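Topology and contacts: notes
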Amino acid sequence: MDIKFIFVLIGMALVTYIPRIIPALGLSRVNLPDWALRFLDYIPVAVLSALLFPSIMMTKGRLDIALSNPYLIASIPTVIAAYFSRNLFIPVIVGIVSYIGLTILYV
Amino acid sequence: MLEEQEERKDYAGIRSAIPIVIGYIPIGFAYGVLGITSGLSIIEVISLSLFVYAGSAQFIAVSLLSTGVDIVTIVSTIFIVNLRHFLYSTSLSRYMKEIGRHHIPLLSFFITDETYAVSITDLQNGQKPDESYFYQLFLTSYITWVLSSLVGALSGSLLKTSGLNWGLDYALPAMYIALLFMQLADFKKFIVAVFSGALSIALIYLIPGNFNVIIAALCGASLGVVLERWI
């Protein structure tokens, strides 16, 4: 475990624990306004796509929207599987199999 | 006599944990495998499960760590991702008030999307909010999460030492896609997703450092709030 990881671990543990404990202790009498609740509701979707788009549309730090990008092309069957199954495992399996298939094809 | 007492003991918390256990096993396993293939050690993978215990945050942390993002950015991204626990804790607080106050610091550590959803449903349907119910539900879920990520990490190490490709480079993007579609409840969320993703790419070109994820996410969520006034 390197020092950077230890700091990340402590930091993550704190910022995860604090929102869990403060309201439970009854320390917060703040009632969040409606817009703040809605804002929090959009955060997971926004974070996931902010991670996803660069991971499939960029290779080596450059935009790469081309048939030769296996990450991008493997995402087509993965999206279809995710749309129809709405679970975690089937799209991951479909994605990995498609990706292996494409990398073999491209070699 | 003693056996009879044992039988009369209430296992409502453990019973309620069963669907969570079934859900956590594959996700914890996947987290363990991905943690290892993204370059973390087994101890690192497990310590996130032990001390952070927040599924989506752990996936996000693994991918940020593997791309060399700085500490402040990782921790602040995780902070906004986990702010929703604030809502869960607020909503559970009126039930937790009925148990000894000294239990609360420990019990509140175990609040996740799933344990919240199950416990609030039980409590609203008349489950008595005693500490044994909470401990059973929370500890069963927690132990399942830690053990399945351990098994995942060990399997990940085996896959890695085998030296074959296994397509694991694509495991993380595939996971994002699956998690994203589980969240896409309506058209507004779809717009937010496309906007945040595109902005995230644009920001990589526009600003140095790795702030693209957190900035794109904050802008995307704000767009969602604004859209609700129009659509």
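Conventions we followed
Residues numbered from 1 in each chain as written. Chains lettered and ligands numbered in written order. Predicted model: local features only at pLDDT ≥ 70, side-chain atom pairs only at ≥ 80, totals over all residues. Helix = DSSP H or I, 4+ residues; strand = E, 2+ residues; numbered from the N terminus. Buried ≥ 20, exposed ≤ 12 C-beta atoms within 10 Å, placed from the backbone. Contact = placed C-beta atoms within 7 Å. Rg over C-alpha atoms; globule rule 2.2 N^0.38 Å. Nonpolar A, V, L, I, M, F, W, Y, C, P; charged D, E, K, R; others polar. Axes fitted to C-alpha atoms, helices over the stretch in contact; angles between N-to-C directions. Left-handed = near helix turned anticlockwise from the far one by under 90°. Domains from an automatic or database assignment. Parallel < 35°, antiparallel > 145°, perpendicular 65-115°, else oblique. pLDDT = per-residue confidence, 0-100. Core = buried A, V, L, I, M, F, W, Y, C linked by C-beta atoms within 7 Å. Expected span 1.5 Å × (residues − 1). Bend = angle between axes of the 7 residues up to and from the residue.

In this section: the overall build of chain B. The secondary structure content of chain B amounts to twelve helices and zero strands. For chain B, the N- to C-terminal ordering of α and β elements is α-α-α-α-α-α-α-α-α-α-α-α. If you line up chain B on its principal axes, its C-alpha atoms span 70 × 55 × 30 Å. A burial count over chain B gives 45% of its 231 residues as buried. For chain B, restricting intrachain contacts to residue pairs at least 6 apart in sequence, the fraction spanning at least 24 positions comes to 76%.

Check the secondary structure of chain A and you find four helices and two strands. Against the 2.2 N^0.38 benchmark of 13 Å for 107 residues, chain A shows a C-alpha radius of gyration of 20 Å, more extended than a compact globule. For the C-alpha atoms alone, the extent of chain A along its principal axes is close to 60 × 40 × 25 Å. Per-residue burial for chain A yields a buried fraction of 37% across its 107 residues. Taking the intrachain contacts of chain A between residues at least 6 apart in sequence as the baseline, contacts between residues at least 24 apart amount to 26%.

What follows concerns the interface of chain B and chain A. Taken together, the 77 residues of chain B in the interface contact 58 residues of chain A. Looking at the side of chain B that touches chain A residue by residue, the class counts come to 52 nonpolar, 20 polar and five charged.

Quick look at unusual backbone geometry now. With a phi close to 50°, Lys-60 of chain A is a non-glycine residue in the positive phi region. Checked against the element boundaries, Lys-60 of chain A lands in the loop between strand E1 (58–59) and strand E2 (62–63). Non-glycine residue Tyr-53 of chain B carries a positive phi angle of around 55°. Here Tyr-53 of chain B is to be found in the loop between helix H3 (42–51) and helix H4 (55–66).

Residues and elements named next belong to chain B. Contact pair helix H2 (residues 12–37) / helix H10 (residues 171–183): the axes reach a minimum separation of 10 Å and the direction vectors enclose 145°. Considering how the two elements wind past one another, H2 and H10 form a crossing that is left-handed. Contacts between H2 and H10 involve Ala-30, Leu-34 and Thr-37 from the first element and Ala-171, Leu-172 and Met-175 from the second.

Residues and elements named next belong to chain B. Considered domain by domain, chain B is made up of domain 1 (10–162) and domain 2 (184–230). Centre-to-centre, using C-alpha coordinates, domain 1 lies 26 Å away from domain 2. Contacts between the two partners involve seven residues from domain 1, matched on the other side by five residues from domain 2. Grouping the constituent residues of the side of domain 1 that touches domain 2 by class yields two nonpolar, four polar and one charged.

Our focus in this paragraph is the domain arrangement of chain A. Domain assignment breaks chain A into domain 1 (1–29) and domain 2 (31–106). Distance from the C-alpha centre of domain 1 of chain A to the C-alpha centre of domain 2 of chain A: 28 Å.

Moving on to the environment of Thr-73 of chain B. For Thr-73 of chain B, the position within the fold is in helix H5 (residues 71–82). Among the residues examined, Thr-73 of chain B registers 17 C-beta atoms within 10 Å and is labelled partly exposed.

Residue and element names in this part refer to chain B. Contact pair H2 / helix H9 (residues 131–162): the axes reach a minimum separation of 6 Å and the direction vectors enclose 25°. Our classification of the angle between H2 and H9 gives roughly parallel. Relative to H9, the crossing made by H2 is right-handed. Taken together, the residues of the contact of H2 with H9 break down into 21 nonpolar, 17 polar and one charged.

Take the confidence of the model for chain A next. Averaged over all residues, the pLDDT of chain A is 89; the fraction at 70 or higher stands at 95%. Within chain A, the element-level pLDDT minimum falls on helix H2 (residues 34–57) of chain A, averaging 88, and the maximum on helix H3 (residues 70–85) of chain A, averaging 96.

Membership of the largest hydrophobic core comes to 94 residues, with the highest contact counts inside it found for Ala-46 and Val-47 of chain A together with Ala-61, Met-175 and Ala-217 of chain B. The element best represented in this core is H2 of chain A, accounting for twelve residues. With near-sequence residues (within four places) excluded, Val-47 of chain A lies in contact with Ile-60, Val-81, Val-213 and Ala-217 of chain B.

So, on to helix H12 (residues 212–230) of chain B. With 19 residues, H12 of chain B extends 27 Å between its outermost C-alpha atoms, agreeing within 8% with the 27 Å of an ideal straight helix rising 1.5 Å per residue. Taken together, the buried positions of H12 of chain B are occupied by Asn-212, Val-213, Ile-214, Ala-216, Ala-217, Leu-218, Gly-220, Ala-221 and Gly-224 of chain B. Tucked inside the fold, the buried residues of H12 of chain B contact H2 of chain A together with H5 and helix H11 (187–206) of chain B.

In this section: H2 of chain B. When the terminal C-alpha atoms of H2 of chain B are compared, their 38 Å separation across 26 residues agrees well with the 38 Å that a helix rising 1.5 Å per residue should span. Ile-18 of chain B marks the point of greatest bend in H2 of chain B, at about 40°, and the proline Pro-19 of chain B comes within the next four residues.

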